[in-house]
Amino acid sequence: MPIFSFIHAMRLGILNVNNSASPAAYANGSFMLIHVKTYKKLGGHEQVKLLINDDTRLARIAKSKDIKLKLLGNRGLYETEMYNTLRSAWFGWTRNTYSSIYEGASLLATIAMVVGLAIIPWLLFVICTAYAFILGGPWAALAAFWSVPVLFSQAAAALIYKAFNFNPVWSLLYFPAAIFALCILINCQLKAIIRSDIIWHGVRYPAPKKFEQ
């Protein structure tokens, strides 16, 4: 889901990962290249093997030890499959989001961003358009007004999908994808309130500690 990839990219500040002066750290466990001496210096996976998102945690340790990180594109190099069902996407993105955007304030800010930028414009556009067909009058003007942010968000979604190597046509499902993302974020917020553990592939991981950026 490119929308979640974008949320994580913004939250984790991946545009600043290659900047050694920035604390931003990120790594994708699907493909990491680490020199053996550097890996030993980091202590291997021993410190992170019981943590969700061990890849990014390892990257944070590297930054804390002044080890340079290099985040590169991989288009045309290799492909990996992430989630192929809604069920696996639900649990997988809940795991990723809960453990890397854990603090309540951060979750609430992310929820507000999704609602404000993705949900409300589309919802009001649909409502106003429906009333415009039934009642006409000022509802048509309101529908036209809300079509502007909808078209803007749709264009932005198409660019995001293209950037993540997805067919931009799939961005037409941006609104239902945003609703799905919102449900996952709310689920993570509830888990954060009760400090719930995460079960992934049969392994129970403790509630994550603060993951500051």
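Because the structure is predicted, anything quoted here is derived from the model rather than measured.

### Looking at the overall build of the protein
- Scanning the protein from terminus to terminus reveals seven helices and two strands.
- Secondary structure elements in the protein, listed N-terminal to C-terminal, are α-α-α-α-α-α-α-β-β.
- With the C-alpha coordinates aligned to their principal axes, the bounding extent of the protein is approximately 70 × 40 × 35 Å.
- Long-range pairs, those at least 24 residues apart, make up 68% of the contacts in the protein between residues at least 6 apart in sequence.
- Counting only carbon and sulfur atoms, one obtains 65% of the accessible surface of the protein, whose full area is about 13,100 Å².
- Considering the protein, the positive charge centre built from 20 side chains and the negative charge centre built from 9 side chains are found 4 Å apart.

### Details of helix H3 (residues 54–64)
- H3 sits mainly inside the fold: eight of its eleven residues count as buried.
- For H3, the complete set of buried residues consists of Asp55, Thr56, Arg57, Leu58, Ala59, Ile61, Ala62 and Lys63.
- Following H3 by one or two positions, aspartate 66 adopts a phi angle in the positive range, close to 60 degrees.

### A short note on the state of the cysteines
- According to the stated counting rule, one finds zero disulfides in the structure shown.
- Cysteine 183 provides the cysteine sulfur closest to cysteine 188, a residue in no disulfide bond, and the two sulfurs are 11 Å apart.
- A residue is classified by how much of its surface remains accessible, and cysteine 188, at 0% relative accessible area, is buried.

### Description of the side chain of serine 147
- Position of serine 147 among the secondary structure elements: in helix H6 (residues 138–163).
- Among the polar contacts listed, one links the side chain of serine 147 to the backbone oxygen of alanine 144, at a separation of 2.5 Å.

### A word on the confidence of the model for the protein
- For the protein, per-residue confidence averages 82 on the pLDDT scale, and residues scoring 70 or more make up 92% of the total.
- Per-element confidence in the protein ranges from a low mean pLDDT of 70 for helix H1 (residues 2–12) to a high of 89 for helix H2 (residues 36–42).

The rules behind each value
Residues numbered from 1 in each chain as written. Predicted model: local features only at pLDDT ≥ 70, side-chain atom pairs only at ≥ 80, totals over all residues. Heavy atoms only, no water. Helix = DSSP H or I, 4+ residues; strand = E, 2+ residues; numbered from the N terminus. Contact = heavy atoms within 4.5 Å. Areas by Shrake-Rupley, 256 points an atom, 1.4 Å probe, with all protein chains shown as cover. Lys, Arg positive; Asp, Glu negative; His and termini not counted. Charge placed at Lys NZ, Arg CZ, Asp CG, Glu CD. Buried < 20%, exposed > 50% of the residue type's maximum accessible area, 1.4 Å probe, protein only. Disulfide = S-S within 2.5 Å. Polar contact = N/O pair within 3.5 Å; in protein donor to acceptor, adjacent residues only side chain to side chain. pLDDT = per-residue confidence, 0-100.

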